[in-house]
Amino acid sequence: MHDVVLDTILDKFNFLTDVFSTKPKLENLLAFVLAIPLSSGSTIQSFADWLGDWKNQSSLNRFLTESGWKLSEFWHGYHQWLGEKTAQAKGTVYFIIDDSKAKKTGSLIERATKDYDTNENRQVLCHTLVVSILRLAGQNFPHQLVLYDKTKKDTKLFKSKLDVAVEQAAAFVKSTGMRRRIVFLFDSWYCCSKFISTLPEWAGWVSRPKRNRLIKIDNFWQPLTEISGCVKSWDYRRVEVKKGTYFWACALRVELKGLGMVTLVFAKPSKYARRVEFFVSNLDVSAEEILRHYAERWEVEVFFRAAKQNLGLDGYQMRKFRGNRRYWSLVILSYAILSVLQGCWKRTCRTIGNTIAELRRRMQKQVQNYGRSYGLLIENYVGEKIAKL
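Residues numbered from 1 in each chain as written. Predicted model: local features only at pLDDT ≥ 70, side-chain atom pairs only at ≥ 80, totals over all residues. Heavy atoms only, no water.

A.B. asks: Help me out: how do you make sense of the overall build of the protein chain in this one?
C.D. replies: What the protein chain contains, in helices and strands, is 14 helices and twelve strands. Taken over C-alpha atoms, the radius of gyration comes to 23 Å for the protein chain, in line with the 21 Å a tight globule of 389 residues would show. Viewed in the frame of its principal axes, the protein chain has a C-alpha envelope of about 75 × 50 × 35 Å. Burial statistics for the protein chain: of 389 residues in total, 52% are counted as buried. Accessible area of the protein chain: about 18,800 Å², with a carbon and sulfur share of 47%. (Helix = DSSP H or I, 4+ residues; strand = E, 2+ residues; numbered from the N terminus. Rg over C-alpha atoms; globule rule 2.2 N^0.38 Å. Buried < 20%, exposed > 50% of the residue type's maximum accessible area, 1.4 Å probe, protein only. Areas by Shrake-Rupley, 256 points an atom, 1.4 Å probe, with all protein chains shown as cover.)

Next comes the structure, spelled out in structure tokens:
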């Protein structure tokens, strides 16, 4: 049986047949990475319904909680694949890191803790996830997703969000294996010496400092807000950050406490606006270039929105932490697959949402020969694929 979509998945992600080396494992893998974006919900039961009662909810649950595939082997293969993808990419490579909360409703969900949600201004029960993505030639590929585990706070195994971010950045630099134009992007939470000091000296970084950060003015340390009054309106220049998006900005080389000499950018939406936003970078370039770099950080928000709305990153309710960790890895893989398919169908698919719609159309056409059972389609495809291997 020939299926263009399934062929593309296993050809482009050729490490998967090594990690999921048996027929049942490969069947379950394809079932999950297709059901995650295409089913009507984000629960295991909705996946089972979408597959056409091919496997029941318990069988799919066991793939996440009991099956013998190793998460470490999956991440090793995935990061090798991503390293090769990075080496082939043209232009600047962006490494973007941020965190988000996957809200939970059940107190029995392992390692779900109360954390403050700035959007709701209250404590919520959630998994706080530290996520890094790569921006390669205009496409987003998730790099890693790790839980900020507050249940270990009083133990030696505890890692802060900064510790997790440092590990992810170090793993990325190691996987690239080469010096090239890389720019790290992160918000004010990670704009500190603990994180920045671990980045390679040859790499660039752009961030937004907190407004109470200190800079040296005439041998005295002063808050950022003090220097903004010293910059006159005629010092600002109109710059285009993205097509059709303009700001008024200027840049100065200053000494920022804890970070040394940096380029500080002042930006505001209009020439005479009172509110000034600050950006900081180790790159000695123009304000326009720094703002253009930082504009790419928005892509991590695009990832979070797509992963939560379309891939169920916010809707899972499994109790076992092992199952949740495996589910997160499959969400990451599903997103990477959608990014690859988007590149293959770029004439008609400009967003992940467009790609999901096109994938659904193609799968619906293919499944008609199998009594509309996606499970049977996957089973027949994997049977022939394993026989060839």
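Now, onward.
A.B. asks: Is there a simple way to think about the environment of Q366 in this case?
C.D. replies: The topology assignment puts Q366 in helix α13 (residues 352-367). For Q366, a relative accessible area of 22% translates into the label partly exposed. Taking the C-alpha atoms as reference, Q366 lies 8.1 Å from L377; in sequence the two are eleven residues apart.

A.B. asks: Please explain unusual backbone geometry as it appears in this structure.
C.D. replies: In terms of backbone geometry, most residues other than glycine have negative phi values and most peptide bonds are trans. Despite not being glycine, D218 has its phi angle at roughly 55°, a positive value. Relative to the assigned elements, D218 resides in the loop between β7 (214-217) and β8 (220-223). Of note, N219 is a non-glycine position whose phi angle comes to about 65°, a positive value. One can find N219 in the loop between β7 and β8.

A.B. asks: Explain the pattern of salt bridges to me, please; I cannot follow it from the model alone.
C.D. replies: When the charged atoms of two side chains lie near each other, side chains of opposite charge can form a pair. In the structure shown here, the tally under the stated rule is 24 salt bridges. Close ionic contact of E301 with R297 constitutes a salt bridge, the shortest N to O distance being 3.3 Å. Looking at E301, the relative accessible area reads 24%, which means it is partly exposed. R297 gets classed as buried once you look at its relative accessible area, which sits at 11%. Sharing partners across several salt bridges, the network here consists of K103, D117, E120 and R122. (Salt bridge = Lys/Arg side-chain N within 4 Å of Asp/Glu carboxyl O.)

A.B. asks: Is there a simple way to think about the pairing of strand β9 (residues 237-242) in this case?
C.D. replies: Within a regular beta strand, the side chains point alternately toward one face of the sheet and then the other, so they alternate between its two faces. Bridge analysis of β9 against strand β10 (residues 245-256) gives five bridges, and the strand direction is antiparallel. Within the sheet, the bridge partner assigned to K242 lies in β10 and is T245. The hairpin formed by β9 and β10 contains two residues between the paired strands, and G244 there has a positive phi angle of roughly 85°. (Pairing = 2+ DSSP bridges.)

A.B. asks: What exactly am I supposed to notice about the pairing of strand β12 (residues 277-281) here?
C.D. replies: Counting buried positions along β12 yields four of five residues, so the element is predominantly enclosed. Of the pairings in the sheet, the one linking strand β6 (residues 204-207) to β12 comprises two bridges and is antiparallel in character. Residue pairing in the sheet places S207 in a bridge with V280 of β12.

A.B. asks: For this particular structure, what's the right way to read the side chain of K161?
C.D. replies: Following the sequence through the fold, K161 ends up in helix α7 (residues 161-176). When residues no more than four places from it in sequence are discounted, the contact partners of K161 are D99, T128, V130, Y148, W189 and Y190. (Contact = heavy atoms within 4.5 Å.)

A.B. asks: What is the right way to read the packing of helix α3 (residues 23-38) against helix α12 (residues 321-344) from this model?
C.D. replies: Geometrically, a packed helix pair is captured by the angle between its two axes and the distance between the axes. Two elements in contact, α3 and α12, have axes separated by 9 Å at closest approach and are oriented at 70°. Between α3 and α12, the interaxial angle falls into the category roughly perpendicular. Contact residues: α3 offers L29, F32, V33, I36 and P37, while α12 offers Y327, L330, V331, L333, S334, I337 and L338. Taken together, the residues that form the contact of α3 with α12 break down as eleven nonpolar, one polar and no charged. (Axes fitted to C-alpha atoms, helices over the stretch in contact; angles between N-to-C directions. Parallel < 35°, antiparallel > 145°, perpendicular 65-115°, else oblique. Nonpolar A, V, L, I, M, F, W, Y, C, P; charged D, E, K, R; others polar.)

A.B. asks: Mind showing me how you'd approach the nonpolar core here?
C.D. replies: One recurring pattern in soluble globular proteins: nonpolar side chains tend to sit buried together. Counting 134 residues, the largest nonpolar core has L16, F74, F184, F186 and F195 as the members making the most contacts within it. It is α12 that contributes the most residues to this core, 13 residues altogether. Sequence-distant contacts of F186, defined by excluding residues within four places in its chain, comprise I97, C191, F195, I196, L199, W205, V206, S207, R208, Y294 and R297. (Core = buried A, V, L, I, M, F, W, Y, C linked by side-chain atoms within 4.5 Å.)

A.B. asks: Sorry if this is basic, but what is going on with the packing of aromatic side chains here?
C.D. replies: The geometry of an aromatic ring pair is captured by the separation of the ring centres together with the interplanar angle, meaning the angle of the planes. Across all of its chains, the model carries 30 aromatic pairs by this definition. With a centroid separation of 6.0 Å and 10° between ring planes, the pair formed by F74 and Y78 is classed as stacked. Placement of both F74 and Y78 in helix α6 (residues 71-88) is noted, with a separation of four residues, approximately one turn of the helix. Of the two residues examined, F74 and Y78, each falls in the buried class. Aromatic rings pair up to connect F20, F32, F47, F63, W69, Y316, F321, Y327 and W328 into one cluster. If you follow K161 out to its NZ or CZ, it ends over the ring of W189, 4.2 Å from the centre. (Phe/Tyr/Trp six-rings, centres within 6.5 Å; stacked < 30°, edge-to-face > 60°. Lys NZ or Arg CZ within 6 Å of the ring centre and 35° of its normal.)

A.B. asks: What's the story with the side chain of S39 in this structure? I'm lost.
C.D. replies: Mapped onto the elements of the fold, S39 is located in the loop between α3 and α4 (44-50). When its relative accessible area of 9% is taken as the criterion, S39 is described as buried. There is a polar contact of 2.8 Å between the side chain of S39 and the backbone oxygen of A35. Here the side chain of S39 touches G41 through a polar contact of 2.8 Å, landing on its backbone oxygen. Non-local contacts of S39, meaning those with residues more than four positions away in its chain, are made with S46, F47 and W50. (Polar contact = N/O pair within 3.5 Å; in protein donor to acceptor, adjacent residues only side chain to side chain.)

A.B. asks: I tried to follow helix α5 (residues 57-65) on my own but got confused; where do I start?
C.D. replies: Listed in full, the buried residues belonging to α5 are L60, F63 and L64. Within α5, the buried residues cover an arc of 95° as seen down the axis, which keeps them to one side. Its buried side turned inward, α5 meets α3, α4 and α12. Measuring from the side-chain oxygen of the N-cap residue of α5 to the backbone nitrogen of S58 gives 3.2 Å; that N-cap residue is N56. (Arc of directions from axis to C-beta.)

Coordinates in, geometry out; function isn't part of it.
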